[in-house]
Amino acid sequence: DEALSLYAMLAEMPLAMVTSALATLAIVVFFITSSDSGSLVDVMVTSGGHPSPPAPYRVFWCVTEGVVAMSLLSAGGLIAMRTASLTSALPLTVFLLVACTGLIRALRIDAATDGRPSQDAIAPD
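Everything in this summary refers to the structure shown in the same document. Keep in mind that this is a model prediction, so the values were computed, not measured. Every chain begins its residue count from 1, and numbering advances along the sequence as written. Note on the predicted model: pLDDT of at least 70 is required for a residue's local features to be given, and 80 or more for side-chain atom pairs to be given and counted; whole-chain, interface and lining totals, by contrast, use all residues. The side-chain values count all of the structure's non-hydrogen atoms but skip hydrogen atoms and water molecules.

## A word on a nonpolar patch on the surface
1) Next: Distance thresholds for patches are 9 Å for like charges and 5 Å for nonpolar side chains (Val, Leu, Ile, Met, Phe, Trp, Tyr), applied to residues having over 30% relative accessible area and no salt bridge. The accessible surface values rely on the Shrake-Rupley method and a 1.4 Å probe; as for residues, cover is taken only from the protein chains in view. One speaks of a salt bridge when a side-chain nitrogen belonging to Lys or Arg is within 4 Å of a carboxyl oxygen belonging to Asp or Glu. On the surface, a nonpolar cluster with roughly 580 Å² of combined accessible area is contributed by Leu6, Met9, Met13, Ile27, Phe30 and Phe31.
2) Next: To qualify as a helix, a DSSP run of H or I must reach at least 4 residues; to qualify as a strand, a run of E must reach at least 2; elements of each kind are numbered from the N terminus. Taken together, the elements giving at least two residues each to the nonpolar patch come down to helix H1 (5-11) and helix H2 (16-46).
3) Next: Structurally, the position occupied by Phe31 is in helix H2.
4) Next: The exposed category is assigned to Phe31, whose relative accessible area is 55%. Relative accessibility under 20% of the residue-type maximum defines a buried residue, over 50% an exposed one, and the middle range a partly exposed one, all with a 1.4 Å probe and only protein chains included.

## Some points on the packing of H2 against helix H3 (residues 55-112)
To characterise two packed helices, one gives the angle between the axes of the helices and the distance between these axes.
1) Next: Where H2 meets H3, the axes come as close as 9 Å, and the angle between the chain directions of the two elements is 125°. Considering the angle they form, H2 stands oblique to H3. Both H2 and H3 take part in a crossing whose hand is right-handed. When H2 is examined against H3, the residues Ser35, Asp36, Gly38, Ser39, Leu40, Asp42, Val43 and Thr46 are found in contact with a partner set consisting of Tyr57, Arg58, Trp61, Cys62 and Glu65.
2) Next: Residues belonging to the contact of H2 with H3 are distributed by class as follows: five nonpolar, four polar and four charged. Angles shown run from 0 to 180 degrees and are taken between the N-to-C directions of axes, each axis being a line fitted to C-alpha atoms and, for helices, limited to the stretch in contact. Just so you know how the angles are binned, under 35 degrees is roughly parallel, over 145 roughly antiparallel, 65 to 115 roughly perpendicular, and the rest oblique. It is the rotation of the near helix from the far one that decides the hand of a crossing: anticlockwise by less than a right angle makes it left-handed, clockwise makes it right-handed. Note on contacts: a residue pair is in contact if any heavy atoms of the two residues lie within 4.5 Å. Side-chain classes are defined by residue name, with Ala, Val, Leu, Ile, Met, Phe, Trp, Tyr, Cys and Pro counting as nonpolar, Asp, Glu, Lys and Arg as charged, and the others, Gly among them, as polar.

## Concerning H3
1) Next: Counted at 1.5 Å a residue, the expected span for H3 with its 58 residues is 86 Å, but the 48 Å between its end C-alpha atoms falls short.
2) Next: Along H3, the helix axis deviates most sharply at Gly76, where the bend reaches about 125°.
3) Next: A positive backbone phi angle near 55° is found at Asp114, which sits one or two residues after H3. Any helix carries an expected span of 1.5 Å times its number of residues minus one. To obtain the bend at a residue, axes are fitted to the seven residues ending there and to the seven starting there, and the angle between these axes is taken.

## Let's talk about the pattern of salt bridges
1) Next: A complete count under the given rule lists one salt bridge for this structure.
2) Next: Across the salt bridge formed by Arg58 and Asp36, the nearest N and O atoms sit 2.8 Å from each other. Remark: Asp36 occurs in helix H2 and Arg58 occurs in helix H3; sequence separation between them is 22 residues.
3) Next: In this structure Arg58 comes out as partly exposed when scored by relative accessible area, which is 25%.

## Brief notes about the side chain of Ser39
1) Next: Within the fold, Ser39 resides in helix H2.
2) Next: For Ser39, a relative accessible area of 0% translates into the label buried.
3) Next: Sequence-distant contacts of Ser39, defined by excluding residues within four places in its chain, comprise Trp61, Cys62 and Glu65.

## Structural notes on the side chain of Ser20
1) Next: By the secondary structure assignment, Ser20 is in helix H2.
2) Next: Exposure remark for Ser20: the relative accessible area of 16% places this residue in the buried category.
3) Next: Of note is the side chain of Ser20, whose polar atom sits 2.8 Å from the backbone oxygen of Ala16.
4) Next: With residues near it in sequence (within four places) discarded, Ser20 still touches Tyr7 and Leu10. In protein, a polar contact means a hydrogen-donor-capable atom and an acceptor-capable atom, both N or O and within 3.5 Å, with residues adjacent in sequence counting only if both atoms are side-chain atoms; elsewhere, any N or O pair within 3.5 Å suffices.

Quick look at the structure:
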């Protein structure tokens, strides 16, 4: 089982109990910090880009993300989580491709002008 392979490997190493506890702690810290970062981004976007959004908004997004994750895990386990993340990433892929196209165009224009702004962009004194 993929989920237990880390612990199966650590069981064969010296100090198996200590390394398993440290691995569990590292995984928990990773998930907590990732969720916290995601919640901060969500609350900043929904609050109009405010750098220090109100605490109740952040708590709302933390709880909402936790409930969604728990319901997906209880409904279908890791397969449901994987399917949900792939399904939600598909529209983002289209936006990223559009952004890449815009970046390539901007770089070509910049290369054609040797990096100098056009005369239209320079304001008269």
